[in-house]
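# Fold and geometry: a report
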Amino acid sequence: MSLLLDNQFKELPPDKAIDTKLFLETVSHIPSFFDCLGSNVFSVIKSDINGNIVKIKAVYLKDPAKYVTLQDIVEAEREAHPAEWPKVGATLALMWLKRGLRFIQILLQSLADGERDEENPNLIRVNVTKAYEQALKKYHGWLVQKIFIVALHAAPYKSNFLKALSKGEEVKEEDCLANVRQFLVTYTVTVDAVYDMYSNLNAELDYTV
Ligand code: CIS
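Residues numbered from 1 in each chain as written. Predicted model: local features only at pLDDT ≥ 70, side-chain atom pairs only at ≥ 80, totals over all residues. Heavy atoms only, no water.

## Things to note about the nonpolar core
If you look at the biggest cluster of nonpolar residues, it comprises 66 residues, and the most contacted ones within it are Phe-23, Ile-56, Leu-94, Leu-97, Phe-161 and Leu-165. Here this core takes 14 residues from helix α6 (residues 89-112), the largest share from any one element. When sequence neighbours within four positions are dropped, the list of residues in contact with Leu-97 reads Phe-23, Val-27, Ile-49, Asn-52, Ile-53 and Ile-56. (Core = buried A, V, L, I, M, F, W, Y, C linked by side-chain atoms within 4.5 Å. Buried < 20%, exposed > 50% of the residue type's maximum accessible area, 1.4 Å probe, protein only. Helix = DSSP H or I, 4+ residues; strand = E, 2+ residues; numbered from the N terminus. Contact = heavy atoms within 4.5 Å.)

Next up, the structure:
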């Protein structure tokens, strides 16, 4: 049983348009995963990601026929709020959500590639740190970087993390990582497509929080 394989992204069409409903259904499984990580430190991250998802969903539900793809939402907000955009509404929520999704992608890819601290092979700190440095650090000021350090020290052991991804079942590390690799195929394509959309629409911001 694999949590990841139960919640895979679908293949994208040739134009890489992302179906809003399917995207929201898939990412909605992320917040509850933080409850399996065994520390309250993760509640701040859970609530941030959940807030992003709720915000995008609220816009989508106003007019599902109009907002079939994520790009439909971002373009509609550009037209409706030219002065504030892209720091507004679902455009801002998706900008941050995609960074969290990129973090997860790099973390899982690093584990799947077998990157590890040879002295402490059951820790995932090298993998978490790599993901943080590549996906999030440049958007964080010193205070949030300190929250990261606290979260890093609360990170679960690799064996517990992989067990949580296997819905609490004891699964051999290699079998679990095979599922991670399979999950990453459509996941990576989807996250890349969100990043490409932000780049093509000139919707990316690089302010720090
Ligand atoms: C396993 C160890 C993990 C350690 C993780 C360490 C991560 C880094 C910790 C940083 C703390 C972040 C605290 C929050 C910071 C926010 O201030 C910041 C900015 O927020 C944005 C809001 O989102 O601010 C905007 C205003 O400027 C807006 O207010 C915006 O909200 S809006 O627009 O909606 O109103 N936010 C961030 O920096 C984003 C932080 C994201 C962190 C992601 C970390 C992910 C860790 C994941 C670990 C587990 C991996 C699990 C893998 C798979 C899960 C399986 C799930 C099931 C299947 C899913 C299918 C997809």
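## Comments concerning the site of the ligand
The full set close to the ligand counts 36 residues, and Asp-48, Asn-52, Lys-55, His-140 and Tyr-207 are the nearest of them. Take Lys-55: an N or O atom from its side chain is 2.8 Å from an oxygen atom of the ligand. Between the ligand and His-140 there is a distance of 2.6 Å, counted from an oxygen atom to a side-chain nitrogen or oxygen. Across the complex, the protein chains shield 90% of the 1300 Å² of accessible surface that the ligand would expose by itself. Within the residue set of the shell around the ligand, elements represented by two or more residues are α1 (3-6), α3 (30-33), α4 (42-62), α6, α7 (125-135), α8 (142-153) and α10 (173-200). Its residues assigned to classes, the shell around the ligand comprises 27 nonpolar, seven polar and two charged. (Near = heavy atom within 4 Å. Polar contact = N/O pair within 3.5 Å; in protein donor to acceptor, adjacent residues only side chain to side chain. Areas by Shrake-Rupley, 256 points an atom, 1.4 Å probe, with all protein chains shown as cover. Nonpolar A, V, L, I, M, F, W, Y, C, P; charged D, E, K, R; others polar.)

## Brief notes about helix α2 (residues 20-27)
Taken as a whole, α2 has its buried residues at Thr-20, Phe-23, Leu-24, Thr-26 and Val-27. Projected down its long axis, α2 shows its buried positions confined to an angular sector of 165°, all on one face. Buried positions along α2 lie against α3, α4, α5 (70-80), α6 and α10. Its side-chain oxygen 3.1 Å from the backbone nitrogen of Lys-21, Asp-19 forms the N-cap of α2. (Arc of directions from axis to C-beta.)

## Here we look at the environment of Leu-24
Within the secondary structure layout, Leu-24 lies in helix α2. Remark: the alpha-carbon pair of Leu-24 and Leu-70, spanning 46 residues in sequence, is separated by 9.7 Å. Not counting chain neighbours up to four residues away, the residues in contact with Leu-24 comprise Ile-53, Ile-56, Lys-57 and Tyr-60.

## Some points on the side chain of Asn-52
Along the chain, Asn-52 falls in helix α4. Looking at Asn-52, the relative accessible area reads 10%, which means it is buried. Here Asn-52 is in contact with Ala-93, Trp-96 and Leu-97, once residues within four sequence places are set aside.

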